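Spelled out, the chains give:
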Amino acid sequence: MSHTISPKLYPFWQLMLLNVRPFFREPAAMLWTFALPVLIALLMVKAFSGSAQLQEINVAVTYNEAPDKRWRELMRDDLQVNLITLSQEQTEQLLASLADAQQEIHPSGPLQNLLAQYDSLLILNQGQIYTTGDSDQFNDKAINYLMQLKSGLSGSPLSSQQLSIVGYRYVDWLIPGIIVLQILGLALFSISNGLVSDRQQGFFKRLKLSPFKKSDYIMGVVLARLFLLSFQLLLLLAIFYFMFDFKPPGNWANIAVVLFCGSACLCLLGVLIGARSTRVEVSTGIANMLYFPLMFLSGIYFQTSYFPDVFEAFVQWLPSTAFLDAFRLVANEAAGLQQVAPQLTILAGTSVVLFIAIYLSFDWGDNG
């Protein structure tokens, strides 16, 4: 190995191996990395795919559909129903998007715009109801509600068809959150506790006598974790593909850029926790203090739009929120990097601030 790697990079390479090898020697780490996120996804999909209460029913009526005038009036006047009337041009574009969606092609045009505004949608077109909601329970309740409005009125019966549109299912929204949560946990706990362990064993004191600089060590730890995360994420994405049919319509190069920027930022946060901590109890306490607020405030399990406006504005500046928002946009809505530039700017700026803070505060273990 020493013959194939530049002498200048050899110590750096050894430092990366030092951080990578322990992971593969611990079966519990493998279980935490792969089994737990899959279990969480299974539980969340099972728990939240249904809907206990009937929410607002968004009904889009195409230009080709001519529902009974009285039925249309009932839907228009009903507070439970949000009636959306489409023009002929919108209808033609919508039907083309519906055909794409049935072929698992990412929708565009009016359908994409409607899905961006409404979590679930019923589309009336030529005697059929298309439903885009991921909850069979909600779809059945919504259709039954419309049928109750129509009951007793003249007209032909309607048939229904559920659309499972790639990128707009609940599981498509959830899985990026599970992945970011996994990266957050590994960054805060694994990295910080690893640094404390090295400090307690006197590794830093020996390392300080070597040609290594603080910046070399910081980057070595971060790159080692990113190296590990690349394999972990590939395996997780493969598992989610086969178990949940998770097939992001976004560009994979853009997804990789967002994952790299977000993971690097969160890893630096973990390094900062361990920069001066001298005991595992201290680093674990700080990690817990950050982990749970970031988990709940970043929109992993529910949308940040539910927060008050002032609070939501603050939450958007959190690196975990910026990471998750950018990930969902490029993965599920096929957004380009220019569309997630604000989130990437937050991640880059936070990373620079964290690196400077680590460099200035890092303790080699010779102060106590």
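Draft legend 1. Region of interest: the overall build of the chain. Per the secondary structure count, the chain includes 14 helices and five strands. Among the 368 residues that make up the chain, the fraction classed as buried is 48%. As presented, the chain carries roughly 18,300 Å² of accessible surface, and 61% of it is formed by carbon and sulfur atoms.

Draft legend 2. Quick look at the nonpolar core. Counting 68 residues, the largest nonpolar core has Ile179, Leu188, Tyr217, Phe240, Val258, Phe323 and Phe327 as its most contacted members. Examining the composition of this core, we find that 17 residues originate from one element, helix H7 (residues 170–200), more than from any other. Core analysis: the second largest hydrophobic core is formed by 13 residues, Ile57, Trp71, Leu124 and Leu149 among them.

Draft legend 3. Spotlight on the pattern of salt bridges. One pass over the structure, following the stated rule, counts three salt bridges. Arg76 serves as the salt-bridge partner of Asp77, at 3.3 Å between the closest nitrogen and oxygen. In terms of burial, Asp77 and Arg76 fall into one category: exposed. A salt bridge links Asp245 to Lys247; its shortest N-O distance comes to 3.4 Å.

Draft legend 4. Quick look at the side chain of Arg328. Relative to the elements of secondary structure, Arg328 occurs in helix H13 (residues 319–332). Among buried Asp, Glu, Lys and Arg side chains, Arg328 stands out as unpaired, with Asp325 the closest opposite charge at 5.1 Å. With near-sequence residues (within four places) excluded, Arg328 lies in contact with Trp173, Pro176, Gly177, Gly299, Ile300 and Glu333.

Draft legend 5. Representation of the packing of H7 against helix H11 (residues 280–297). At a closest axis distance of 9 Å, the pairing of H7 and H11 adopts a crossing angle of 170 degrees. By the criterion of interaxial angle, the relationship of H7 to H11 is roughly antiparallel. Here H7 and H11 pass one another in a crossing that is right-handed. In contact with Leu181, Leu184, Gly185, Leu188, Phe189, Ser192, Asn193, Val196 and Gln200 of H7, H11 contributes Val280, Ser283, Thr284, Ala287, Asn288, Leu290, Tyr291, Leu294 and Met295.

Draft legend 6. Region of interest: the packing of H7 against helix H9 (residues 214–244). Orientation of H7 relative to H9, taken along the N-to-C sense of each, is 150 degrees, at an axis distance of 11 Å. With respect to H9, the axis of H7 lies roughly antiparallel. Of the two possible hands of crossing, H7 and H9 adopt the one that is right-handed. Contacts from Val171, Ile175, Ile178, Ile179, Gln182, Ile183, Leu186, Ser190, Ile191, Leu195 and Asp198 in H7 reach Tyr217, Val221, Arg225, Leu229, Gln232, Leu233, Leu236, Leu237, Phe240 and Phe244 in H9. Residues belonging to the contact of H7 with H9 are distributed by class as follows: 16 nonpolar, three polar and two charged.

Draft legend 7. Here's a closer look at the packing of aromatic side chains. On inspection of all chains with the given rule, the structure shows five aromatic pairs. Considering the side-chain rings of Phe227 and Phe231, the 5.1 Å spacing of their centres and the 80 degrees angle between planes classify their relative orientation as edge-to-face. Taken as a pair, Phe227 and Phe231 lie in helix H9 at a separation of four residues, close to a single helical turn. Measuring from ring centre to ring centre gives 5.0 Å for Tyr241 and Phe242, while their planes differ by 85 degrees; the resulting arrangement is edge-to-face. Residue class for Phe242 comes out exposed when judged on its relative accessible area of 69%. In this structure an aromatic cluster arises from ring pairing among Phe189, Tyr291 and Phe292. One residue, Arg199, lies across the ring of Phe362, its end atom 5.6 Å from the ring centre.

Draft legend 8. Main features of the state of the cysteines. Counting across every chain of the model gives zero disulfides. No disulfide involves Cys265; its sulfur sits 9.3 Å from the nearest other cysteine sulfur, which is in Cys261. Left unpaired, Cys267 is separated from the closest cysteine sulfur, that of Cys265, by 9.4 Å. Overall, the relative accessible area of 1% leaves Cys267 in the buried class.

Draft legend 9. The arrangement of the confidence of the model for the chain in detail. Of the residues in the chain, 70% reach a pLDDT of 70 or more, and the chain-wide mean stands at 76. Predicted confidence for residues 154–158 stays below pLDDT 50, and this span has ten contacts to residues more than four positions away or in other chains.

The rules behind each value
- Residues numbered from 1 in each chain as written.
- Predicted model: local features only at pLDDT ≥ 70, side-chain atom pairs only at ≥ 80, totals over all residues.
- Heavy atoms only, no water.
- Helix = DSSP H or I, 4+ residues; strand = E, 2+ residues; numbered from the N terminus.
- Buried < 20%, exposed > 50% of the residue type's maximum accessible area, 1.4 Å probe, protein only.
- Areas by Shrake-Rupley, 256 points an atom, 1.4 Å probe, with all protein chains shown as cover.
- Core = buried A, V, L, I, M, F, W, Y, C linked by side-chain atoms within 4.5 Å.
- Salt bridge = Lys/Arg side-chain N within 4 Å of Asp/Glu carboxyl O.
- Lys, Arg positive; Asp, Glu negative; His and termini not counted.
- Contact = heavy atoms within 4.5 Å.
- Axes fitted to C-alpha atoms, helices over the stretch in contact; angles between N-to-C directions.
- Parallel < 35°, antiparallel > 145°, perpendicular 65-115°, else oblique.
- Left-handed = near helix turned anticlockwise from the far one by under 90°.
- Nonpolar A, V, L, I, M, F, W, Y, C, P; charged D, E, K, R; others polar.
- Phe/Tyr/Trp six-rings, centres within 6.5 Å; stacked < 30°, edge-to-face > 60°.
- Lys NZ or Arg CZ within 6 Å of the ring centre and 35° of its normal.
- Disulfide = S-S within 2.5 Å.
- pLDDT = per-residue confidence, 0-100.

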